[in-house]
Amino acid sequence: MYRMTPSGIAPEILSLGPGNTPEVRRNDRHNLLRPETAESLYFVGLLTGKPRYRRAAWDMFAAFRAGSRASDGAYTSLDDVYAQPSRRRDDMPTFWLAETLKYLFLNFAPPTLL
């Protein structure tokens, strides 16, 4: 889903329509910087050893850096991942630092770190 939006960032909610085609409702186009995708990329990459998961994690990080980084260096949730640029919200969820960035970091750390 990250590669299917102009911002490179996935919407918060995705539904499957007829024929299992992805659908995003207008009110679901925001992103709250959640960690689940970064965490999944880390564990799948660790278990398979395939570099494509590391590349996907890098693309995800680069999209967050380009789209949700504020001028003061903080990162903010976005109102609409389909808008370029998206309006940034005045918040930075605690799980962005505690989980999302942790898993993005671990994607590039040597497996022996743990």
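Residues numbered from 1 in each chain as written. Predicted model: local features only at pLDDT ≥ 70, side-chain atom pairs only at ≥ 80, totals over all residues. Heavy atoms only, no water.

**Examining unusual backbone geometry**
Defined as follows: Runs of H or I in DSSP of at least four residues are treated as helices and runs of E of at least two as strands, each being numbered from the N terminus.
Here the residue pair glutamine 84 and proline 85 is connected by a cis peptide bond, since its omega of -10 degrees sits within 30 degrees of zero. In this fold, proline 85 is placed in the loop between α2 (51-68) and α3 (94-106). For asparagine 20, which is not glycine, the phi dihedral falls at a positive 60 degrees. The topology assignment puts asparagine 20 in the loop between β1 (15-16) and β2 (22-23). For leucine 33, which is not glycine, the phi torsion reads 65 degrees and is therefore positive.

**Examining the pattern of salt bridges**
To keep things clear, this is the line we draw: Only one rule defines a salt bridge in this text: a Lys or Arg side-chain nitrogen within 4 Å of an Asp or Glu carboxyl oxygen. A 1.4 Å probe rolled over the protein chains alone gives each residue an accessible area, and that area as a share of the maximum for its type sets the label: buried under 20%, exposed over 50%, partly exposed in between.
All chains considered together, the criterion is met by five salt bridges. Residue arginine 34 pairs with glutamate 12 through a salt bridge whose shortest N-O separation is 2.1 Å. On the criterion of sequence distance, the pair formed by arginine 34 in the loop between β2 and α1 (36-48) and glutamate 12 in the segment before β1 is long-range, its members being 22 residues apart. Taking relative accessible area as the criterion, arginine 34 reaches 36% and is therefore assigned partly exposed. Of the charged contacts in the structure, one is a salt bridge between arginine 29 and aspartate 80, with a shortest N-O distance of 3.5 Å. One end of the pair, arginine 29, is in the loop between β2 and α1; the other, aspartate 80, is in the loop between α2 and α3, and 51 residues separate them in sequence. What you see here is one network of salt bridges that share partners, running through Arg26, Arg29 and Asp80.

**Notes on the packing of α1 against α3**
Just so we agree on the cut-off: Lines are fitted to the C-alpha atoms to define the axes, a helix being fitted only along its stretch in contact, and any angle between axes, read from their N-to-C directions, falls within 0 to 180 degrees. Convention used here: angles under 35 degrees read as roughly parallel, angles over 145 as roughly antiparallel, angles from 65 to 115 as roughly perpendicular, and any remaining angle as oblique. Here a crossing is taken to be left-handed if its near helix is turned anticlockwise relative to the far helix by less than a right angle, and right-handed if that turn runs clockwise. A contact between two residues is defined here by any heavy atoms of the two lying within 4.5 Å.
As a packed pair, α1 and α3 sit with axes 8 Å apart at the nearest point and diverge in direction by 25 degrees. Here α3 runs roughly parallel to α1, going by the angle between their axes. Remark: the crossing between α1 and α3 carries left-handed chirality. Facing α1, whose interface residues are Ala38, Glu39, Tyr42 and Phe43, α3 presents Thr100, Tyr103, Leu104 and Leu106.

**A word on the side chain of serine 77**
Where we set the bar: For the purposes of these results, a polar contact is taken to be a pair of N or O atoms within 3.5 Å, where, inside protein, one atom must be able to donate a hydrogen and its partner to accept one; residues adjacent in sequence count only when each atom of the pair is a side-chain atom.
With respect to the helices and strands, serine 77 occurs in the loop between α2 and α3. By relative accessible area, serine 77 is classed as buried at 0%. Within the local environment of serine 77, its side chain forms a polar contact with the side chain of aspartate 91, the two groups lying 3.1 Å apart.

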